[in-house]
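# Coordinate analysis (summary)
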Amino acid sequence: MSMIKAEYIWIDGTKPTPLLRSKTRIVEAGTELPIWGFDGSSTNQAPGKSSDCVLKPVYSCHDPIRGGAHLLVVCEVLTPDMEPHISNTRAKCVATESRYSDHGMWFGLEQEYTLFKDGRPYGWPEKGYPAPQGPYYCSVGGDYVYGRELVEEHLTACLAAGLKISGINAEVMPSQWEFQVGPLNASAVSDQLTIARWLLARIAEKYGVHVSYEPKPVKGDWNGAGCHTNFSTIAMRESYEKCIQAAQALGERHELHISNYGAGIEERLTGQHETCSYREYKYGVSDRGASVRIPWQVAEEGRGYIEDRRPAANCDPYVVTQLITETVCSRI
């Protein structure tokens, strides 16, 4: 009998922004991963007098940190009567995805994040600020880049885990980075982003670094951090008119989306630093100051996808992909 380590990973009930939690279970290799329990009173998911919550494995992949046959396991949180817990946003995402499965929705998520150490962005001077934004985006060199070793290790780990990670880059603010996951359907891209976030946090432990998904990690004349969400339906991949219709549909429910796209989103969506104000909605070709950007290639080719630039870096991917699926697929 061969035993392996299975790291059960779930999203907790912390507000306003949930945290990732995980614990290890020893299981027999090649067997079905069992449900498991945990203390919900310690994760903001249950009161102490009725604290049991249930972990239901829904997605697993190779664990690149432990190696061998060990696994990383995304879990949904259930109540003891096997119903989705109120904090379980994945269940609604899967139900919506199933309802509109004939639309063939694909998502690509661009996850921005900021590295912090000793209470300030990693690599920043102890007093004052680095030089203003300008030379840092996709930059090279010790004067401009902070944390590349960690970032490269994370990319390698994601690839080893079998995640559909499609790239990384240094962002506009120094010590801010981005990785992209997709294209995949709503639940799959969200599962894989969850694993990628967990791996990033786990690797950052080695460096004594904190990974921040705050929408505006540094006040002032610095870019915020988002999770730009690219998506398309079968119809959009065949028709530019459908891309326009999708952009218009998102505008019809702008307030609903904004209220579910991450805590503190109004600090980032100010109308400056490549954003549109959260108070308004607009779309445009190649416009990074719009709520929704239509890539120039899409306008030229007459088909493709669009980018919702509103979601904050700390958004729940299951919520974002569920809302976009429901809004767009019910209207085009």
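Here is a short report on the structure shown in this document. (Residues numbered from 1 in each chain as written. Predicted model: local features only at pLDDT ≥ 70, side-chain atom pairs only at ≥ 80, totals over all residues. Heavy atoms only, no water.)

The next thing to look at is the nonpolar core. Nonpolar side chains in soluble globular proteins generally cluster together in the buried interior. If you look at the biggest cluster of nonpolar residues, it comprises 67 residues, and the most contacted ones within it are Tyr113, Leu199, Phe231, Ile306 and Ile324. Broken down by element, the residue count for this core peaks at 11 residues, all from helix 3 (residues 186-207). If near-sequence neighbours (up to four positions away) are discounted, Leu199 is found in contact with Pro64, Ile65, Leu72, His154, Ala157, Cys158, Ala161 and Leu163. Grouped together as the second largest cluster of nonpolar side chains are 13 residues, Leu33, Phe38, Cys53 and Val73 included. (Core = buried A, V, L, I, M, F, W, Y, C linked by side-chain atoms within 4.5 Å. Buried < 20%, exposed > 50% of the residue type's maximum accessible area, 1.4 Å probe, protein only. Helix = DSSP H or I, 4+ residues; strand = E, 2+ residues; numbered from the N terminus. Contact = heavy atoms within 4.5 Å.)

Here we come to the environment of Phe231. Relative to the helices and strands, Phe231 resides in strand 11 (residues 227-232). By relative accessible area, Phe231 is classed as buried at 1%. Apart from residues no more than four positions distant in its own chain, Phe231 is found in contact with Met105, Trp106, Phe107, Met236, Ala246, Leu250, Tyr305, Ile306, Ile324 and Val328.

In this section: the packing of helix 1 (residues 90-99) against helix 3. Between helix 1 and helix 3, the shortest axis-to-axis distance is 9 Å and the interhelical angle comes to 150°. By the criterion of interaxial angle, the relationship of helix 1 to helix 3 is roughly antiparallel. Contact with helix 1, carried on its side by Arg90, Cys93, Val94 and Glu97, involves Ala186, Ser187 and Asp191 of helix 3 and no other residues of that element. Split by residue class, the contact of helix 1 with helix 3 holds 3 nonpolar, 1 polar and 3 charged. (Axes fitted to C-alpha atoms, helices over the stretch in contact; angles between N-to-C directions. Parallel < 35°, antiparallel > 145°, perpendicular 65-115°, else oblique. Nonpolar A, V, L, I, M, F, W, Y, C, P; charged D, E, K, R; others polar.)

For the rest of this paragraph, the subject is helix 2 (residues 148-161). Taking 1.5 Å per residue, 14 residues should reach 20 Å; helix 2 reaches 20 Å between its end C-alpha atoms and fits that length. At the exit of helix 2 stands Gly162, carrying a positive phi of roughly 85°. (Expected span 1.5 Å × (residues − 1).)

As a further point, take the side chain of Thr321. Considering the arrangement of structural elements, one finds Thr321 in helix 8 (residues 317-329). There is a polar contact of 3.4 Å between the side chain of Thr321 and the side chain of Ser190. Look past the residues within four positions of Thr321 in its chain and what remains in contact with it is Cys93, Phe107, Ala186, Val189 and Ser190. (Polar contact = N/O pair within 3.5 Å; in protein donor to acceptor, adjacent residues only side chain to side chain.)

This part takes up the packing of aromatic side chains. The full count for this structure, using the stated rule, is 8 aromatic pairs. Judged by centre distance (6.0 Å) and plane angle (50°), the ring pair of Tyr113 and Phe179 falls under tilted. Taken together, the residues span a long stretch of sequence, with Tyr113 in strand 6 (residues 106-117) and Phe179 in strand 9 (residues 176-184) at a distance of 66 residues. Each of the two residues, Tyr113 as well as Phe179, counts as buried. Each ring, one from Trp124 and one from Tyr129, has its centre 6.2 Å from the other, and the planes form 70°; the classification is edge-to-face. Ring pairs connect the aromatic residues Trp124, Tyr129 and Trp222, which therefore count as one cluster. A cation sits over an aromatic face here: Lys23 above Trp36, 4.0 Å from the ring centre. Above the face of the Tyr213 ring, Arg197 is positioned so that its terminal group lies 5.2 Å from the ring centre. (Phe/Tyr/Trp six-rings, centres within 6.5 Å; stacked < 30°, edge-to-face > 60°. Lys NZ or Arg CZ within 6 Å of the ring centre and 35° of its normal.)

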